[in-house]
Amino acid sequence: MRSEEVILPAGAAPEDDVRDRLRKAVRDIPDFPKDGILFRDITTLLLDPEAHSLAVKALADPFRDDLPDQIMGIESRGFIFGSTLALELGVGFVLARKPGKLPGPVLSVSYDLEYGSDSLEVHKDAIQPGSKVLVVDDLIATGGTAKGACELVELLGGYVAGAVFLIELTGLNGRELLGDRPFYSILRY
Ligand code: AMP
């Protein structure tokens, strides 16, 4: 599915003034964590309660009329937006964590990053077969992390009702890596 990536109900996409407001609240830090990377820092947005609230509402709006069963947030900034999005929509929140952090029985996936690889884990009993899950992170770059999280949902028998990001770095084509899974982003750089 392409369009505004998920099929948005009328009025669900944020207005340009909301996007401008959010864009101003994100800080750009050159050469972090290494030379050549322009880091999109959402900590300044979190310091601004109006912008934080606008961001969560903009993430929630496309899904209010067709609620998911659960939100999966990706460690660690995906926890911030994911858990508030879950509260905003009134659904449960699932953690996709780095290895060795979750106490119960887990399912793991490994995924490729630009340099090297990494893993994510989820509690096996956190997602029931047939569940509709929104996978949430602050930002999608190459898409490897988000793809790993989507695979966790699908390996447990759930399906990805949307992969949802506040920020998309369009030049890295992360959305292509997610294939046909419905995709939604608010700010594109
Ligand atoms: P990727 O797997 O390449 O899509 O990387 C996504 C993860 O890396 C997300 O959890 C982001 O928070 C983080 N990330 C990657 N690039 C940036 C960037 N330029 N600014 C901020 N965070 C980034």
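Residues numbered from 1 in each chain as written. Predicted model: local features only at pLDDT ≥ 70, side-chain atom pairs only at ≥ 80, totals over all residues. Heavy atoms only, no water.

1. Topic: the nonpolar core
Then, number 1: By size, the foremost hydrophobic cluster in this structure holds 32 residues, and its most contacted members are Leu22, Leu45, Phe81 and Leu166.
Then, number 2: Breaking this core down by element, the ones donating at least two residues are helix H1 (16-25), helix H3 (49-60), helix H4 (77-89), strand E7 (132-140), strand E8 (159-168) and strand E9 (183-188).
Then, number 3: Top element by residues in this core is H3. It accounts for six residues.
Then, number 4: Counting 24 residues, the second largest nonpolar core, distinct from the first, contains Ala96, Tyr111, Val133 and Leu178. (Core = buried A, V, L, I, M, F, W, Y, C linked by side-chain atoms within 4.5 Å. Buried < 20%, exposed > 50% of the residue type's maximum accessible area, 1.4 Å probe, protein only. Helix = DSSP H or I, 4+ residues; strand = E, 2+ residues; numbered from the N terminus.)

2. Details of the environment of Tyr115
Then, number 1: Among the secondary structure elements, Tyr115 is positioned in the loop between strand E5 (106-112) and strand E6 (117-123).
Then, number 2: For the pair Tyr115 and Thr142, spaced 27 residues apart in the sequence, the C-alpha separation amounts to 11 Å.

3. Details of the packing of aromatic side chains
Then, number 1: A complete count under the given rule lists four aromatic pairs for this structure.
Then, number 2: Here Phe79 and Phe93 contribute two aromatic rings whose centre-to-centre distance is 6.2 Å and whose plane-to-plane angle is 90 degrees, an arrangement assigned as edge-to-face. Of this pair, Phe79 sits in helix H4 while Phe93 sits in strand E4 (residues 92-96), and the two are 14 residues apart along the sequence.
Then, number 3: Judged by its relative accessible area of 17%, Phe79 falls in the buried class.
Then, number 4: Arg23 extends its terminal NZ or CZ atom over the ring of Tyr189, reaching a point 4.8 Å from the ring centre. (Phe/Tyr/Trp six-rings, centres within 6.5 Å; stacked < 30°, edge-to-face > 60°. Lys NZ or Arg CZ within 6 Å of the ring centre and 35° of its normal.)

4. Here we look at the environment of Asp118
Then, number 1: Along the chain, the position of Asp118 falls in strand E6.
Then, number 2: The spatial distance from the C-alpha of Asp118 to the C-alpha of Lys98 is 8.2 Å, given a sequence separation of 20 residues.

5. Details of the pairing of E5
Then, number 1: Side chains Leu107, Val109 and Tyr111 project from E5 onto a buried face, and the interleaved Val106, Ser108, Ser110 and Asp112 project onto a face without burial.
Then, number 2: Inspection of the sheet shows E5 paired to E6 by seven bridges, in the antiparallel sense. The partner of Leu107 across the bridge, within E6, is Val122. (Pairing = 2+ DSSP bridges.)

6. A short note on H3
Along an α-helix, residues three or four apart share an orientation, since each turn contains 3.6 residues.
Then, number 1: The end-to-end C-alpha distance of H3 is 16 Å, a good match for the 16 Å that twelve residues give at a rise of 1.5 Å each.
Then, number 2: When H3 is considered as a whole, its buried residues turn out to be Ala51, Ala55, Val56, Ala58, Leu59 and Ala60.
Then, number 3: On its buried side, H3 packs onto H1, helix H2 (43-46), H4, E8 and E9. (Expected span 1.5 Å × (residues − 1). Contact = heavy atoms within 4.5 Å.)

7. Points about the packing of H3 against H4
Pairs of packed helices are described in terms of their axes, by the angle between the two and the distance that separates them.
Then, number 1: Where H3 contacts H4, the two axes come as close as 9 Å, and the packing angle between them is 65 degrees. In terms of their interaxial angle, H3 and H4 are classed as roughly perpendicular. Seen from above, H3 lies across H4 with right-handed handedness. Contacts between H3 and H4 pair His52, Ala55, Val56, Lys57, Leu59 and Ala60 from the former with Ile80, Phe81, Thr84, Leu85, Glu88 and Leu89 from the latter.
Then, number 2: Classifying every residue of the contact of H3 with H4 gives eight nonpolar, two polar and two charged. (Axes fitted to C-alpha atoms, helices over the stretch in contact; angles between N-to-C directions. Parallel < 35°, antiparallel > 145°, perpendicular 65-115°, else oblique. Left-handed = near helix turned anticlockwise from the far one by under 90°. Nonpolar A, V, L, I, M, F, W, Y, C, P; charged D, E, K, R; others polar.)

8. Quick notes on H4
Then, number 1: The first and last C-alpha atoms of H4 sit 19 Å apart over 13 residues, in line with the 18 Å expected at 1.5 Å per residue.
Then, number 2: The complete set of buried residues in H4 reads Gly78, Phe79, Phe81, Gly82, Leu85, Ala86 and Leu89.
Then, number 3: Contacts made by the buried residues of H4 are with H2, H3, strand E3 (70-74), E4, E7 and E8.
Then, number 4: Following H4 by one or two positions, Gly90 has its phi on the positive side, about 75 degrees.

9. Re the site of the ligand
Then, number 1: In the region of the ligand, 15 residues are neighbours, and Asp138, Ala141, Thr142, Gly143 and Thr145 sit closest.
Then, number 2: Between an oxygen atom of the ligand and a side-chain N or O atom of Arg77, the distance comes to 3.2 Å.
Then, number 3: One nitrogen or oxygen atom from the main chain of Gly144 is found 3.5 Å from an oxygen atom belonging to the ligand.
Then, number 4: Calculation on the ligand without its partners gives an accessible area of 490 Å², and the protein chains cover 83% of this total. (Near = heavy atom within 4 Å. Polar contact = N/O pair within 3.5 Å; in protein donor to acceptor, adjacent residues only side chain to side chain. Areas by Shrake-Rupley, 256 points an atom, 1.4 Å probe, with all protein chains shown as cover.)

So yeah, pure geometry; function would need other evidence.
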